[in-house]
Amino acid sequence: GLLRKPVVAISAAWTARRFEQFAVGAGSDVYAWRIKGASGCRLAIGKDCFIRDKIAFERPGARLSIGDRTFLGNGLIAVAQSVEIGSDVMFAWGVTVVDHDSHSMRFSERQEDTQKWLHNIKDWSNVKIAGVKIEDKAWIGFNASILKGVTIGEGAIVAAGAVVTKSVSPWTLVAGNPARIVREIGVDER
């Protein structure tokens, strides 16, 4: 209630200092303390959004943009390069969006990752990275995972628990691991 608004404003101001750009549109409700930034990162959130996701900017210069009237419910967005989320998008709880593989596929190139983390070092030189785009009006179900290089088309629906490794056409329902087309969403359902 009354105490929450000043706490949110202080948290947002503290978080914004770490960013090259930190913009939150009018009427949006964002848990700024769940946002971890790196130097030179950019975050732009549109108006009337409700954001509860943990957001981790993994590398300097990473970018996240979110359109208007979007709901992101208590999942994780990990950004090394870029993630774009459109307007009127809904994420159920537990959705994960990642624009990178996190580690090299080769053990010889990742074997020291844990020891380096202890010293706040991350070597990105052998990690595959490709931006993610989620277009307007998409709906992502509970515990779905959206992986690097994927575009979710306008109005597409990703079913609960789906693992999306390839782009999804507009107005299509996908499900499964890996996600596959279930059906097209008819004009009467749009």
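If you're wondering where the values come from, they're calculated on a predicted model, not measured in any experiment.

Digging into the overall build of the protein
Right, on to step 1. Scanning the protein for helices and strands turns up 3 helices and 20 strands.
Right, on to step 2. Radius of gyration (C-alpha) of the protein: 17 Å, near the 16 Å computed for a compact globule of 190 residues.
Right, on to step 3. The principal-axis extent of the C-alpha atoms belonging to the protein is close to 55 × 50 × 25 Å.
Right, on to step 4. Taken across its 190 residues, the protein has 39% of its residues classed as buried.

What to know about the pattern of salt bridges
Right, on to step 1. Overall, the coordinates contain 7 salt bridges when judged by the stated rule.
Right, on to step 2. Across the pair Asp101 and Lys148 runs a salt bridge whose closest N-O atoms are separated by 3.1 Å. One end of the pair, Asp101, is in the loop between strand S12 (96–98) and helix H2 (107–110); the other, Lys148, is in the loop between strand S15 (145–146) and strand S16 (151–152), with 47 residues separating them in the sequence.

What to know about unusual backbone geometry
Right, on to step 1. Residue Pro178 follows Asn177 across a cis peptide bond; omega there is 0 degrees.
Right, on to step 2. Tracing the backbone shows Pro178 in the loop between strand S19 (172–175) and strand S20 (180–184).
Right, on to step 3. Here the phi dihedral of Asp48 falls at roughly 55 degrees; this positive angle occurs in a residue that is not glycine.
Right, on to step 4. The partly exposed category is assigned to Asp48, whose relative accessible area is 45%.

Digging into the sheet that holds strand S5 (residues 50–51)
Right, on to step 1. Read across the sheet, 8 strands follow the order S2-S5-S8-S11-S14-S17-S19-S20 without closing on themselves; strand pairing throughout is mixed. Two strands lie at the open edges of the sheet, namely strand S2 (29–30) and S20, each paired on one side alone.

Focus: the environment of Cys41
Right, on to step 1. When you line up the elements, Cys41 lands in strand S4 (residues 41–45).
Right, on to step 2. C-alpha of Cys41 to C-alpha of Leu64: the two residues are 23 residues apart in sequence and 8.4 Å apart in space.
Right, on to step 3. Excluding residues within four positions of it along the chain, Cys41 makes contact with Phe19, Glu20, Gln21, Phe57, Arg59, Pro60, Gly61 and Ala62.

Details of the nonpolar core
Right, on to step 1. Core analysis: the largest hydrophobic core is formed by 37 residues, its most contacted members being Phe57, Leu64, Ile77, Ile85, Phe91 and Ile152.
Right, on to step 2. Secondary structure elements with two or more residues in this core: S4, strand S6 (54–57), strand S7 (63–66), strand S9 (76–79), strand S10 (82–85) and strand S13 (132–134).
Right, on to step 3. Considering each element in turn, this core owes the most residues, 3 residues, to S4.
Right, on to step 4. Among residues more than four places away in sequence, those in contact with Phe57 are Phe19, Ile35, Lys36, Gly37, Ala38, Cys41, Arg42, Leu43, Ala62, Arg63, Leu64 and Val79.

Let's talk about the pairing of S7
Right, on to step 1. Of the two faces of S7, only one is covered, namely that formed by Leu64 and Ile66; the face formed by Arg63 and Ser65 stays uncovered.
Right, on to step 2. Both S4 and S7 contribute to a ladder of 4 bridges, which runs parallel. Following the sheet pairing, Ala44 is matched in S7 by Ser65.
Right, on to step 3. Relative to S10, S7 runs parallel, the two being bridged by 4 bridges. In the sheet register, Ser65 faces S10, and the bridge partner there is Glu84.

Re the side chain of Asp113
Right, on to step 1. Structurally, Asp113 is set in helix H3 (residues 113–117).
Right, on to step 2. In this structure Asp113 is buried but unpaired, with Lys122 as the nearest side chain of opposite charge at 4.2 Å.
Right, on to step 3. Contact partners of Asp113, with chain neighbours within four places excluded, come to His103 and Lys122.

Regarding the packing of aromatic side chains
Right, on to step 1. For the structure shown, the criterion picks out 3 aromatic pairs.
Right, on to step 2. Arranged with centres 5.5 Å apart and planes meeting at 10 degrees, the rings of Phe50 and Phe71 form a pair that is stacked. Here Phe50 is found in strand S5, whereas its partner Phe71 is found in strand S8 (residues 71–72), with 21 residues between them in sequence.
Right, on to step 3. Residue classification places Phe71 among the partly exposed residues on the basis of a relative accessible area of 25%.
Right, on to step 4. Seen from their ring centres, Trp93 and Phe142 are 5.7 Å apart, and the 25 degrees between their planes marks the pair as stacked. Linking Trp93 in the loop between strand S11 (90–91) and S12 with Phe142 in the loop between strand S14 (139–140) and S15, this pair joins segments that are 49 residues apart in sequence.
Right, on to step 5. A residue is classified by how much of its surface remains accessible, and Phe142, at 43% relative accessible area, is partly exposed.

Conventions and cut-offs
- Residues numbered from 1 in each chain as written.
- Predicted model: local features only at pLDDT ≥ 70, side-chain atom pairs only at ≥ 80, totals over all residues.
- Heavy atoms only, no water.
- Helix = DSSP H or I, 4+ residues; strand = E, 2+ residues; numbered from the N terminus.
- Rg over C-alpha atoms; globule rule 2.2 N^0.38 Å.
- Buried < 20%, exposed > 50% of the residue type's maximum accessible area, 1.4 Å probe, protein only.
- Salt bridge = Lys/Arg side-chain N within 4 Å of Asp/Glu carboxyl O.
- Pairing = 2+ DSSP bridges.
- Contact = heavy atoms within 4.5 Å.
- Core = buried A, V, L, I, M, F, W, Y, C linked by side-chain atoms within 4.5 Å.
- Lys, Arg positive; Asp, Glu negative; His and termini not counted.
- Phe/Tyr/Trp six-rings, centres within 6.5 Å; stacked < 30°, edge-to-face > 60°.

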